[in-house]
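Examination of the molecular architecture
If you want the building blocks of each chain, they are given just below.
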Amino acid sequence: MRKTLDFLYNSAAALAALFMVGLLVMVLLSVIGRQLHFNLPGIDAYAGYLMAGAGFLALAHTLKRGEHIRVTLVLQNLPPAAQRWLERWAMGAGALLALLFAWYSVRLVYQSHDFHDISTGNDATPLWLPQLSMAVGALVFAIAAFDEFVIEWRGRPAKPVETEALRHE
């Protein structure tokens, strides 16, 4: 099961990387188009769709790598038993919120398809198409959040080895 879940998270991250490459292509086409005085209709909208898709598809992989922002000011000053329960509560709340986000994202895609929503730009793209990457990313993120919640309840640490001292920005 672990290999299947890791494959799902890595696949979503690879798809996010492809979306980033697509975003780069869209931006380059837009810049080149401005320099050569030609316009590709809807290219800005497609760049936005790809950027949103890349962000949502990368959420699960980022969570599993421990790269989401965590505020540990309170957690580090608690006794170990309280830390464990607060971590469990936080993972449970996060998993519930991720599940709700995935539910409403999928619902939005369904409604956009059902109502035949199209973008207001001159590309007139059916909105369910770019929203689909958001819904898939939210679903994979919900699975990852629930996975982290189960890992925490089983007693294994959900967070990776602390390497924050190596990241000076």
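Keep in mind it's a predicted model, so treat the numbers as computed, not measured.

An ideal rise of 1.5 Å per residue puts 50 Å on 34 residues; helix H1 (residues 2–35) measures up with 49 Å between its terminal C-alpha atoms. Three or more residues of H1 are buried, namely Leu-5, Tyr-9, Ala-12, Ala-13, Ala-16, Phe-19, Gly-22, Leu-23, Ser-30 and Gly-33. On its buried face, H1 is in contact with helix H2 (43–57), helix H3 (59–64) and helix H5 (128–153). His-37 sits one or two residues past H1 and shows a positive phi near 60°.

Moving on, we come to the nonpolar core. Counting 14 residues, the largest nonpolar core has Tyr-9, Ala-60, Leu-63, Ala-98, Val-140, Ala-144 and Ala-145 as its most contacted members. Those elements that place two or more of their residues in this core are H1, H3, helix H4 (80–115) and H5. If one sorts the elements of this core by residue count, H5 sits on top with six residues.

What follows is about the pattern of salt bridges. By the definition in use, this model includes four salt bridges. Linking Arg-2 and Asp-147 is a salt bridge whose minimum nitrogen-to-oxygen distance equals 2.7 Å. Of this pair, Arg-2 sits in helix H1 while Asp-147 sits in helix H5; the two residues are 145 residues apart in sequence, bridging distant segments of the chain. Using a relative accessible area of 8% as the deciding quantity, one classes Asp-147 as buried. Among the ionic pairs, Asp-147 bridges to Lys-64, the shortest N-O distance being 2.9 Å.

A cluster of nonpolar side chains, Val-21, Leu-24, Val-25, Leu-28, Leu-29, Ile-32, Leu-36, Phe-38 and Leu-40, forms an exposed patch at the surface whose accessible area comes to about 760 Å². Tracing the sequence through the fold places Leu-29 in helix H1. Residue Leu-29 is classed as partly exposed on the basis of its relative accessible area, which comes to 34%.

Quick look at unusual backbone geometry now. We note that His-37 has phi near 60°; this positive angle belongs to a residue other than glycine. The topology assignment puts His-37 in the loop between H1 and H2. Judged by relative accessible area, His-37 falls into the exposed class, the value being 74%.

Running from N to C, H2 and H5 cross one another at 10°; their axes reach a closest spacing of 8 Å. Taken together, the axes of H2 and H5 lie roughly parallel to each other. The residues of H5 that touch H2, namely those facing Tyr-49, Gly-53, Phe-56 and Leu-57, are Pro-130, Ser-133, Met-134, Val-136 and Gly-137. Here the contact of H2 with H5 is built from residues that sort into six nonpolar, three polar and no charged.

Conventions adopted
Residues numbered from 1 in each chain as written. Predicted model: local features only at pLDDT ≥ 70, side-chain atom pairs only at ≥ 80, totals over all residues. Heavy atoms only, no water. Helix = DSSP H or I, 4+ residues; strand = E, 2+ residues; numbered from the N terminus. Expected span 1.5 Å × (residues − 1). Buried < 20%, exposed > 50% of the residue type's maximum accessible area, 1.4 Å probe, protein only. Contact = heavy atoms within 4.5 Å. Core = buried A, V, L, I, M, F, W, Y, C linked by side-chain atoms within 4.5 Å. Salt bridge = Lys/Arg side-chain N within 4 Å of Asp/Glu carboxyl O. Patch = residues over 30% accessible without salt bridge, like charges linked within 9 Å, V, L, I, M, F, W, Y side chains within 5 Å. Areas by Shrake-Rupley, 256 points an atom, 1.4 Å probe, with all protein chains shown as cover. Axes fitted to C-alpha atoms, helices over the stretch in contact; angles between N-to-C directions. Parallel < 35°, antiparallel > 145°, perpendicular 65-115°, else oblique. Nonpolar A, V, L, I, M, F, W, Y, C, P; charged D, E, K, R; others polar.

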